[in-house]
Amino acid sequence: MPARPDPIATTATFAGISLVIAAGVWLVPALIALFERLMAPRAATPVTHSRRMSHPGPTRLTHNTPLALALLGLSLALFYWGSAQLPITALGGAIFLILVLLRPDLALLYVLVTVPLYLAPKGIWDERFGIRPEGIRFPLHEFVVFCALIGTLVHAARGQGWRAARRALPRPAMLLPIALFALAGTLGVVVADARGAALREWRWLIVEPLIFYALALYWMRDARRRWLIAGAWLVTGTGVAIIGLLQLAGLDLTALLPQSACFSERVVLAEGGLRRISSVYCHPNNLALALGRVWPVLAALGGSMLPLELFPDTIRRFA
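As the structure is a computational prediction, the values presented were derived from the model and not from experiment. (Residues numbered from 1 in each chain as written. Predicted model: local features only at pLDDT ≥ 70, side-chain atom pairs only at ≥ 80, totals over all residues. Heavy atoms only, no water.)

Okay, the packing of helix H5 (residues 104–114) against helix H9 (residues 195–219) next. Interaxial distance between H5 and H9 falls to 10 Å at its minimum, and their mutual angle equals 135°. As far as their axial angle goes, H9 and H5 are oblique. In terms of crossing hand, the pair formed by H5 and H9 is left-handed. Listed contacts from H9 to Pro104, Asp105, Leu108, Val111 and Leu112 of H5 are Phe212, Leu215, Ala216 and Trp219. Residues belonging to the contact of H5 with H9 are distributed by class as follows: eight nonpolar, no polar and one charged. (Axes fitted to C-alpha atoms, helices over the stretch in contact; angles between N-to-C directions. Helix = DSSP H or I, 4+ residues; strand = E, 2+ residues; numbered from the N terminus. Parallel < 35°, antiparallel > 145°, perpendicular 65-115°, else oblique. Left-handed = near helix turned anticlockwise from the far one by under 90°. Contact = heavy atoms within 4.5 Å. Nonpolar A, V, L, I, M, F, W, Y, C, P; charged D, E, K, R; others polar.)

See below:
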């Protein structure tokens, strides 16, 4: 009896081909916008309180936040899902980095969106370019964090300079516990026996969270960006919960993810016949810990005007 085609696998293949075709369309305008941005005169007006500079750049890509968000997401999808080989992966990564250089403030949103996928890392297998046979794996949010760092450094150098970056730093009394955290994590690497594993954990649990914290301090001086970052975190948590609920209904969207490091089923049968979901995580307890940090904030904001604060320009345009 012939096997039935898997609709999820068919959809993923079609989406990957579509992203590769669309990449050629995105790359040219993104490069033109980046060239115009780099050739534009430096801004003398502070970004924090200036509406004109809240969307820097002379082109539609940099003025239109929904468009920039969509293109960032599509290029990141090409990087993550497009192929396990280097050329298409590099194409998606290059487009994403170019767009981040145009709108580095929006890259922080995708750090929050991709963090739940840390157990389903991006993998590259391509011995033609000297990659070892077992391939390379790294979390998707790690790539986004470093792209955001590069984009922010370029923005600070070209926009309002390093004085504004220094103003974003917390007071010395707040820097002390941060410095102690970094020092303790670094000393743990020094005394560790398994140095390779310790360096990996140091990068994931010490360095990258501190980079994200520094980037958040830099960009969250503007109230609108604070709402965008908070909204991205809440929407991501909601999406993770919806994926888990769909698993109870028999639709497992995590089949679209690359091979993950999970050692248990997505739906775990507990004592008494209780079915526990894990969503994109590897165990229901992990999902519970993640949602336990999201749902109280989401419930507290349930009656607020959060959508109006998140997308005031978009809503005003269609009102």
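Past the structure itself, the notes keep going.
This next bit is on the pattern of salt bridges. On inspection of all chains with the given rule, the structure shows six salt bridges. For Arg225, the salt bridge goes to Asp105, with nearest N and O atoms at 3.3 Å. One end of the pair, Arg225, is in helix H10 (residues 223–248); the other, Asp105, is in helix H5, with 120 residues separating them in the sequence. Between Arg132 and Glu134 there is a salt bridge, with its nearest N and O atoms 3.3 Å apart. Here the salt bridges share partners, and the residues they tie into one network are Arg103, Asp105 and Arg225. (Salt bridge = Lys/Arg side-chain N within 4 Å of Asp/Glu carboxyl O.)

Moving on, we get to the packing of aromatic side chains. One pass over the structure, following the stated rule, counts six aromatic pairs. Ring geometry for Phe96 versus Phe143: centroids 5.7 Å apart, planes at 40°, classification tilted. Of this pair, Phe96 sits in helix H4 (residues 86–102) while Phe143 sits in helix H6 (residues 140–158); the two residues are 47 residues apart in sequence, bridging distant segments of the chain. Both residues of the pair, Phe96 and Phe143, belong to the buried class. Among the aromatic residues, ring-to-ring pairing joins Phe79, Phe96, Phe138 and Phe143 into one connected group. (Phe/Tyr/Trp six-rings, centres within 6.5 Å; stacked < 30°, edge-to-face > 60°. Buried < 20%, exposed > 50% of the residue type's maximum accessible area, 1.4 Å probe, protein only.)

Its volume calculated, the largest pocket comes out at about 790 Å³. Lining the largest pocket are 25 residues, with Val115, Pro116, Tyr118, His141 and Tyr281 sitting closest to its centre. Residue assignment for the lining of the largest pocket shows that the elements contributing at least two residues are H5, H6, H9, H10 and helix H11 (284–291). When residues in the lining of the largest pocket are grouped by element, the largest group, six residues, is from H9. Class assignment of the residues belonging to the lining of the largest pocket gives a composition of 18 nonpolar, four polar and three charged. Considering the residues around the second largest pocket, the lining is formed by 21 residues, among which Trp81, Val113, Leu117, Ile243 and Leu257 are closest to the centre. Within the residue set of the lining of the second largest pocket, elements represented by two or more residues are helix H3 (65–81), H5 and H10. Of the residues belonging to the lining of the second largest pocket, the class tally is 16 nonpolar, five polar and no charged. (1 Å grid on protein atoms, 1.4 Å probe; cavity = no way out; pocket = protein on both sides within 12 Å on 5 of 7 lines; lining within 4 Å. Points joined across faces, edges and corners; volume = space filled by probe spheres on them.)

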